[in-house]
Amino acid sequence: MIIVAIDETDFDQASKIINELDSDKCMLKIGSVTFNSIGQSIILFASEKGFDIFLDLKLHDIPNTVHKSIKGLISLPIQMLTIHISGGRDMMKAAMDATLGTGIKIFGVTVLTSLNDYDTNEIFQRTTKDQVDAMLDLAESVGIDGIVCSPQELN
């Protein structure tokens, strides 16, 4: 399955791209750029066209806020949702709890791909690889549905 990113701020432009795609061949990733500018209407439009939706908001906050945020999203026709693993064990558990019984999968982001070793050393006091490994271990210990990371970080 191919995941196509929709990163538009205009409904007409986003819908034009969606209309050119085949819902049998791809899933759509709606990120914060599109969701924050267009809102739920683009998700509803894409769903009506038969697309599965990966809502990539990379939620990262205290557990209660993440739980409530996800509860506000579960009525949307989405199949996947992202959070930051660095939000910690309790936040990941709160995210998973919020989706119980919905079929929505929670995927954790290990490290933003824009960060290099200098950045991760400054922020986390370890290399990017070490940070990714720590986040993978944490995600596995909690049992979230999957992770999002760069393939270079898995070596």
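Residues numbered from 1 in each chain as written. Predicted model: local features only at pLDDT ≥ 70, side-chain atom pairs only at ≥ 80, totals over all residues. Heavy atoms only, no water.

Using the criterion set out here, one finds one aromatic pair in the structure. Between phenylalanine 11 and phenylalanine 45, the aromatic rings sit 5.5 Å apart at their centres with planes inclined by 75°, giving edge-to-face as the arrangement. Highlighted residues: phenylalanine 11 in helix H1 (residues 11-19) and phenylalanine 45 in helix H3 (residues 40-48), separated in sequence by 34 residues. For phenylalanine 11, a relative accessible area of 30% translates into the label partly exposed. (Phe/Tyr/Trp six-rings, centres within 6.5 Å; stacked < 30°, edge-to-face > 60°. Helix = DSSP H or I, 4+ residues; strand = E, 2+ residues; numbered from the N terminus. Buried < 20%, exposed > 50% of the residue type's maximum accessible area, 1.4 Å probe, protein only.)

Now for the pattern of salt bridges. Throughout the structure, instances matching the rule amount to four salt bridges. Residue aspartate 56 pairs with lysine 29 through a salt bridge whose shortest N-O separation is 3.5 Å. Taken together, the residues aspartate 56 in strand S3 (residues 53-59) and lysine 29 in strand S2 (residues 26-31) connect sequence positions 27 residues apart. Aspartate 56 sits in the buried class, given a relative accessible area of 7%. For lysine 58, the salt bridge identified is with aspartate 56, shortest N-O distance 2.9 Å. Connected via shared salt-bridge partners are Asp7, Lys29, Asp56 and Lys58. (Salt bridge = Lys/Arg side-chain N within 4 Å of Asp/Glu carboxyl O.)

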